[in-house]
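Residues per chain are reported as follows:
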Amino acid sequence: MTAAEQNSVPEPALEPALEPVLHEDRIDFAPTADRVSFSRRRTARLVREWGYPGLAGDAALLVSELATNALLHGVVRGRLLRVRLTLTATTLRVAVSDPWGERLPVLREATSEECYGRGLLIVASIADRWGVESRTVGKTVFAELALRKGPDAPVGPRELRAGPPHARIAGAVTPR
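Attention here is on the structure that accompanies the text. (Residues numbered from 1 in each chain as written. Predicted model: local features only at pLDDT ≥ 70, side-chain atom pairs only at ≥ 80, totals over all residues. Heavy atoms only, no water.)

### A look at helix α3 (residues 56-73)
Step number 1: End to end, α3 covers 25 Å across 18 residues, agreeing with the expected 26 Å (1.5 Å per residue, within 8%).
Step number 2: Ala 56, Asp 58, Ala 59, Ala 60, Leu 62, Val 63, Ser 64, Glu 65, Leu 66, Ala 67 and Ala 70 are the residues of α3 that are buried.
Step number 3: Residues of α3 that are buried in the fold lie against α2 (33-49), β2 (81-87), β3 (91-98), α4 (119-126) and β5 (139-146). (Helix = DSSP H or I, 4+ residues; strand = E, 2+ residues; numbered from the N terminus. Expected span 1.5 Å × (residues − 1). Buried < 20%, exposed > 50% of the residue type's maximum accessible area, 1.4 Å probe, protein only. Contact = heavy atoms within 4.5 Å.)

Structure (structure tokens):
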């Protein structure tokens, strides 16, 4: 991976078409490690209840990675983190908001000696689309999973991709 790829910011996407929201959940929490694991379990349960048990594990992993990144890199004393799940007819969106908008996530490849630095690579390899949205205070990092229909349809996007995870940078979006 070149230095330009490591520090590149994903391309902006077109405005998504507004689809009716079928299910939505939002939880605000204090930035602590136990709330990350709670959010992961809650996400898996809700996605199963909403009728997509095959996506529950991927959605829980996305929440875990995004919430951990927010905990490590987006905490401001006295401010909460937010996890929001949105299900439409075609997409499951996982979004984590934090109050630190100046620190944008960067997709990079960690060296074998580093203990951290692989979270966004995991997100990029699982999600069909991911990105960052600016907020009045802070930012929202999101990941989307496309919903597939039918008993023989692949669950999750991994069956649809080839190549290394960092090749997914083009599918992501940045703040407007």
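Let's pick the thread back up.
### A few points about the sheet that holds β5
Step number 1: Read across the sheet, five strands follow the order β1-β2-β3-β5-β4 without closing on themselves; strand pairing throughout is antiparallel. Here the strands that pair on one side only, and so sit at the sheet edges, are β1 (23-29) and β4 (129-134). Taken over all neighbouring pairs, the strand axes of this sheet differ in orientation by 15 degrees on average, direction set aside.
Step number 2: Relative to β2, β1 runs antiparallel, the two being bridged by seven bridges. The partner of His 23 across the bridge, within β2, is Leu 87.
Step number 3: The sheet contacts of α3 involve β2, β3 and β5, and relative to β3 the element is tilted by about 15 degrees. (Pairing = 2+ DSSP bridges. Axes fitted to C-alpha atoms, helices over the stretch in contact; angles between N-to-C directions.)

### Some words on the packing of aromatic side chains
Any two aromatic rings considered together are summarised by their centre-to-centre distance and by the angle between their planes.
Step number 1: By the definition in use, this model includes zero aromatic pairs.
Step number 2: Positioned above the aromatic ring of Phe 38, the side-chain terminus of Arg 35 is 4.5 Å from the ring centre.
Step number 3: Of note, Arg 93 hangs over the ring of Phe 142, and the distance from its end group to the ring centre comes to 3.9 Å. (Phe/Tyr/Trp six-rings, centres within 6.5 Å; stacked < 30°, edge-to-face > 60°. Lys NZ or Arg CZ within 6 Å of the ring centre and 35° of its normal.)

### Thoughts on the pairing of β2
Step number 1: Taken across its seven residues, β2 has five buried, putting it largely inside the fold.
Step number 2: The pairing of β2 with β3 spans six bridges and is classified as antiparallel. Bridge pairing in β3 places Val 83 opposite Val 96.
Step number 3: Between β2 and β3, which pair antiparallel and follow one another directly, the connecting turn spans three residues.

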